[in-house]
Amino acid sequence: GTESPTASAILWKLPATSDDGSPATVEARNVLFRNLNSAVSVGGSGGSQLVLDNCLHLGPGPLLRSTSGAGKPFEALDLVLSHVTVYGATAVEHSFPHPLDEVVPLRIVARDSFLVPHDREQPVLAVRYAVQPAMLMPKVSWSGSGTVCPADAMLLEVTRGPDASPWQAADVAAWQKY
């Protein structure tokens with residue numbers, strides 16, 4: 001029979017503050033993540049950095065499941081992927097609580113990685129906002145080079161919480177500028 005996935009390989013609860021002002025950091029190199037609800041789960045307050053180098057994630061849950069917490073100006077949740085393969089799973093599943101202005105942004109740098117969701121319905125990046133944001137994808141950035149995914153893959157899925165107001169035509173029109 002098939003094995004049911006276990007929780008997370010790494011469950012990281014961020015401290016409210018760091019002693020020296022530098023972001024909390026976890027680095028993982030040469031790791032195989034398999035049959036997990038998420039490879040890494042991150043939550044808490046403040047800035048942090050997760051560095052994954054030469055790792056393979058085989059799902060079924062996302063490589064990273066995270067939630068932005070409160071933070072100071074210029075802090076962020078930084079995810080650095082280098083030579084990472086995600087196969088049959090979402091790469092990042094991230095949630096933003098309300099109010100949005102008070103939480104740290106998500107910054108992703110993906111270099112020389114291979115990101116393959118399970119199918120066309122599963123996104124590479126899934127973002128959930130507690131309320132409808134005023135602009136397209138606030139607090140999220142993705143950069144890097146040499147990273148590939150299937151041509152027909154859904155790159156981004158944006159959802160909002162049940163208490164969010166319905167989408168307005170003016171919001172959609174504003175998003176078309178991007």
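Since we're looking at a predicted model, the values are computed, not measured. Within each chain, residues carry numbers counting from 1 in the order of the written sequence. Under the rules for a predicted model, residues below a pLDDT of 70 receive no local features and side-chain atom pairs below 80 are neither given nor counted, while totals for whole chains, interfaces and linings still include all residues. As a convention, hydrogens and water are excluded, and side-chain values are obtained from all of the structure's heavy atoms.

Draft legend 1. Representation of the sheet that holds strand β13 (residues 123-129) in the model. For two strands to be treated as a pair, DSSP must find no fewer than two bridges joining them. Numbering of helices and strands runs from the N terminus, with a helix taken as a DSSP run of H or I at least four residues long and a strand as a DSSP run of E at least two residues long. Pairing is parallel in the open sheet, where six strands are placed in the order β1-β4-β7-β10-β13-β15. In this open sheet, the two strands that pair with only one neighbour each are β1 (6-14) and β15 (154-160). Neighbouring strand axes in the sheet, compared pairwise and without regard to direction, differ in orientation by 15° on average. Sheet analysis places strand β7 (residues 64-67) next to strand β10 (residues 92-96), joined by four bridges and oriented parallel. Directly across from Arg65, in β10, lies its bridge partner Glu93. The axes used here are C-alpha line fits, helices contributing only the stretch in contact, and every angle between their N-to-C directions lies in the interval 0 to 180 degrees.

Draft legend 2. Spatial organisation of the environment of Pro117. Positionally, Pro117 belongs in the loop between β12 (114-116) and β13. Note on Pro117: relative accessible area 8%, which makes it buried. Spatially, the C-alpha atom of Pro117 lies 7.1 Å from that of Ala153, the residues being 36 residues apart in sequence. Whether two residues are in contact is decided by their heavy atoms, any of which lying within 4.5 Å being enough. Ignoring sequence-local partners within four residues, the contact set of Pro117 consists of Gly88, Ala89, Gln122, Pro123, Val124, Pro150 and Ala153. Partly exposed residues are those whose accessible area sits between 20% and 50% of the maximum for their type, while under 20% is buried and over 50% is exposed, using a 1.4 Å probe and protein chains only.

Draft legend 3. Representation of a nonpolar patch on the surface. Among the surface-exposed residues, Leu32, Leu56, Leu58, Tyr87, Phe114 and Val148 lie close enough to one another that they form a single nonpolar patch of about 540 Å² accessible area. Looking at the element boundaries, Val148 is found in the loop between β14 (140-145) and β15. By relative accessible area, Val148 is classed as partly exposed at 44%. By definition, no residue in a patch forms a salt bridge, and every one has over 30% relative accessible area; like charges are joined within 9 Å, nonpolar side chains (Val, Leu, Ile, Met, Phe, Trp, Tyr) within 5 Å. Here, Shrake-Rupley sampling with a 1.4 Å probe gives the accessible areas, and only protein chains in the shown set may cover a residue. We count a salt bridge whenever a side-chain nitrogen from Lys or Arg sits within 4 Å of a carboxyl oxygen from Asp or Glu.

Draft legend 4. Spatial organisation of the sheet that holds strand β11 (residues 106-111). The five strands lie next to each other as β2-β5-β8-β11-β14, forming an open sheet whose pairing is parallel. The open sheet terminates on both sides in strands that have one partner only, identified here as β2 (24-29) and β14. Neighbour to neighbour, the strand axes of the sheet diverge by 10° on average, direction disregarded. As paired elements, β11 and β14 share six bridges and run parallel to each other. Note on β14: the bridge partner recorded for Ala110 is Gly144.

Draft legend 5. Representation of the environment of Phe114. Positionally, Phe114 belongs in strand β12. By relative accessible area, Phe114 is classed as partly exposed at 38%. Sequence-wise, Phe114 and Leu56 are 58 residues apart; in three dimensions their C-alpha atoms are separated by 9.5 Å. Apart from residues no more than four positions distant in its own chain, Phe114 is found in contact with Val84, Thr85, Val86 and Val148.

Draft legend 6. How the structure looks around the nonpolar core. What makes a nonpolar core is a set of buried Ala, Val, Leu, Ile, Met, Phe, Trp, Tyr and Cys residues whose side-chain atoms join them at distances within 4.5 Å. The biggest cluster of nonpolar side chains holds 35 residues, and the ones touching the most others in it are Leu52, Leu63, Leu79, Val92 and Phe96. Counting only elements with at least two residues in this core, the list comes to β1, β2, β4 (36-44), β5 (48-53), β8 (77-82), β10, β11 and β13. Setting aside its immediate chain neighbours within four residues, Leu63 contacts Phe33, Ser38, Ala39, Val40, Leu52, His57, Leu81, Val84, Val86, Thr90 and Ala91.

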